[in-house]
Amino acid sequence: DIQMTQSPASLSASLEEIVTITCQASQDIGNWLAWYQQKPGKSPQLLIHSATSLADGIPSRFSGSRSGTQYSLKISRLQVEDTGIYYCLQRYSNPYTFGAGTKLELK
Amino acid sequence: QVQLQQSGAELVKPGTSVKLSCKASGYTFTSNHMNWIKQTTGQGLEWIGIINPGSGGTSYNVKFKGKATLTVDKSSSTAFMQLSSLTPEDSAVYYCARRGLISGYPDYWGQGVMVTVSS
């Protein structure tokens, strides 16, 4: 199985701050990566797909990038509503695998 | 609007089976594959498998082969997942999630159903 190593596990940041979360894939997965946000008691919401494409209805302060097998989610100006847990997902090969999650809180 | 309505919470005994449902609305059911995903505090999110509602074709995570069986009823636009030989390790929240036609990723998710396996 492809391992997705996500970091940091938790993060505390201030309003308007720039936040970056990363996922390291254990092998080449091309651009077959997505990012999700999950709020307590809710289902995950798709933010970014295909490593860099913004999902429908997602604010432009969210962006995705790739450098080799390292993938990053950037929030350009953190807002209150951005708190939650963020996950990456690879669908390059079966089984699809998720990162362990990054818990983002406001400082 | 796209909605995936999952069945209610289940409390089941070890060794038994449970069948979860996911009723789709707001789109053409047979146009999008349906994923099933397990979430636990300890293991995080795990992808169980995917079904093509049009053909009934399935692909499973080998970890869940023999544990999960995915089916659909096209007439009611409902996807099902049966979990068999339940153990406490199967206690989790289970989600159905539609695969987006453009993105190819789970885009719309059901609200999740909590399954508790306990004697």
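Residues numbered from 1 in each chain as written. Chains lettered and ligands numbered in written order. Predicted model: local features only at pLDDT ≥ 70, side-chain atom pairs only at ≥ 80, totals over all residues. Heavy atoms only, no water.

**Q** How do you make sense of the sheet that holds strand β1 (residues 4-7) of chain A when you look at a structure like this?
**A** As a general point, the strands of a sheet are linked pairwise by backbone hydrogen bonds and lie either parallel or antiparallel. All names here are of chain A. Taken in spatial order, the four strands line up as β1-β3-β8-β7 in an open sheet, and their pairing is antiparallel. The sheet is open, and its two borders are formed by β1 and β7 (62-67), each paired with just one other strand. Mean inter-strand twist for the sheet, computed between neighbouring axes without regard to direction, equals 20°. Relative to strand β3 (residues 19-25), β1 is paired through four bridges, and the arrangement is antiparallel. Bridge pairing in β3 places Ser-7 opposite Thr-22. (Pairing = 2+ DSSP bridges. Helix = DSSP H or I, 4+ residues; strand = E, 2+ residues; numbered from the N terminus. Axes fitted to C-alpha atoms, helices over the stretch in contact; angles between N-to-C directions.)

**Q** Sorry if this is basic, but what is going on with the packing of aromatic side chains here?
**A** We describe a pair of aromatic rings using the distance from one ring centre to the other and the angle between the two ring planes. Under the defined criterion, the tally for this structure stands at four aromatic pairs over all chains. Taken together, a centroid distance of 5.6 Å and an interplanar angle of 70° make the contact between A:Tyr36 and B:Trp109 edge-to-face. Here A:Tyr36 is found in strand β4 (residues 33-38), whereas its partner B:Trp109 is found in strand β10 (residues 106-109) on a different chain. Judged on exposure class, the residue A:Tyr36 and its partner B:Trp109 are both buried. Taken together, the aromatic side chains of A:Tyr36, B:Tyr95 and B:Trp109 make up a single cluster linked through ring pairs. (Phe/Tyr/Trp six-rings, centres within 6.5 Å; stacked < 30°, edge-to-face > 60°. Buried < 20%, exposed > 50% of the residue type's maximum accessible area, 1.4 Å probe, protein only.)

**Q** Help me understand the pattern of salt bridges in this model?
**A** Two side chains that carry opposite charge are able to pair once their charged atoms sit near each other. Under the criterion given, the structure shown has eight salt bridges over all chains. For the salt bridge of A:Glu16 with A:Arg77, the shortest nitrogen-to-oxygen distance reads 3.2 Å. Linking A:Glu16 in the loop between β2 (10-13) and β3 with A:Arg77 in the loop between β8 (70-75) and β9 (84-90), this pair joins segments that are 61 residues apart in sequence. Here A:Glu16 falls in the partly exposed class, since its relative accessible area comes to 45%. Between B:Asp107 and B:Arg98 there is a salt bridge, with its nearest N and O atoms 2.8 Å apart. For the pair formed by B:Asp107 and B:Arg98, the shared burial category is buried. Among the ionic contacts, a cluster of salt bridges with common partners joins A:Arg61, A:Glu81 and A:Asp82. (Salt bridge = Lys/Arg side-chain N within 4 Å of Asp/Glu carboxyl O.)

**Q** I tried to follow the side chain of B:Lys38 on my own but got confused; where do I start?
**A** Residues and elements named next belong to chain B. As for its placement among the helices and strands, Lys-38 is situated in strand β4 (residues 34-40). One buried charge, Lys-38, has no salt-bridge partner; the nearest side chain with opposite charge is Glu-46, at 4.3 Å. Here Glu-89 takes part through its backbone oxygen, which lies 2.9 Å from a polar atom of the side chain of Lys-38. Discounting chain neighbours no more than four positions away, the residues touching Lys-38 are Gly-44, Leu-45, Glu-46, Ile-48, Phe-64, Glu-89, Asp-90, Ala-92, Val-93 and Tyr-94. (Lys, Arg positive; Asp, Glu negative; His and termini not counted. Polar contact = N/O pair within 3.5 Å; in protein donor to acceptor, adjacent residues only side chain to side chain. Contact = heavy atoms within 4.5 Å.)

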